[in-house]
Amino acid sequence: MAKTTQPTAGARDPLLPTSGAAVASPPPYLDPHPADSYTVLLVPVRLRHRLRRGSGRCCGVGPCLTALFLLLALAGFLLWPADPDVSLARLRLAHVSVVARPAVAVTISAALKVRVRNPDFFALDYNRLDVAIAYRGAPLGRVTSGGGRVRARAVSYVDADLQLDGIRVVEDAIYLVEDLARGSVPFDTIVEVEGHLHFFFLSIPVKGRISCVVHVNPHNETIVHQDCYPE
């Protein structure tokens, strides 16, 4: 009969580990917590939220176009040429006489000072300054002074002397005799300035005009009343 050999106490099967057997430690490169390792903490960034906040600083297409249009309109309003403002600063009579015989005639000697204001941001070069005088729409005479220059956003004064010697008044002669008897003769005075405004590479013609109705007392050679309005 064959003899059976029983395993002794404390002996173990090399193929089957027992419950109390020691487990071999993993290799160092598989150690989940190495001694010299560093921990990297990744914090999630809300890119969508940051982009939304950053995009709020840039205006949309509609508001940007509106702002651009307003800026262009303001620049055009400020830079686009405007006609000069002309006013009669002073009118001094040196001599006024009206005679009815042998024919109705008027003699006027006056000194005028015209105020020219340039409202533009560019200098104004005016060619001449015309002063015309009429009675009840009938022209009596005209005087023309030389040209000049008015700086940007500035005011210039131009002197003009008006001389009318024995101008016969055929039409409305009866009204002139009546005005002479009342001591107030109305004269129409028209002051006109023509020139050019140099807007960058353009030369734009501009014109300023003012009309005045001056009531003159020929007896004491004084101005009774005057009313001016721009045209």
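Residues numbered from 1 in each chain as written. Predicted model: local features only at pLDDT ≥ 70, side-chain atom pairs only at ≥ 80, totals over all residues. Heavy atoms only, no water.

- For the protein chain, the name recorded in an unreviewed UniProt entry is Water stress and hypersensitive response domain-containing protein, with Sorghum bicolor as its organism.
- According to UniProt, the comment filed for the protein chain under the heading Subcellular location (unreviewed entry) is "Membrane". (UniProt positions renumbered as here; feature names shortened; annotations may be inferred.)

A look at the environment of Asp159
Part 1 of the reasoning: One can find Asp159 in strand 6 (residues 155-168).
Part 2 of the reasoning: Spatially, the C-alpha atoms of Asp159 and Leu129 are 9.4 Å apart, while their sequence positions differ by 30 residues.
Part 3 of the reasoning: If we skip the residues at most four places from it in the chain, Asp159 touches Leu112, Lys113 and Ser145.
Part 4 of the reasoning: Of the polar contacts made by the side chain of Asp159, one reaches the side chain of Lys113; its length is 2.7 Å. (Helix = DSSP H or I, 4+ residues; strand = E, 2+ residues; numbered from the N terminus. Contact = heavy atoms within 4.5 Å. Polar contact = N/O pair within 3.5 Å; in protein donor to acceptor, adjacent residues only side chain to side chain.)

So, the sheet that holds strand 6
Part 1 of the reasoning: Strand order in the open sheet formed by three strands is 1-2-6, and the pairing between neighbours is antiparallel. Edge positions in the sheet fall to strand 1 (85-99) and strand 6, since each of these pairs with one other strand and no more. With strand direction ignored, the average angle separating the axes of adjacent strands in the sheet is 10°.
Part 2 of the reasoning: Across twelve bridges, strand 2 (residues 105-117) lies against strand 6 in antiparallel orientation. If you follow Ile108 over to strand 6, its bridge partner there is Leu164. (Pairing = 2+ DSSP bridges. Axes fitted to C-alpha atoms, helices over the stretch in contact; angles between N-to-C directions.)

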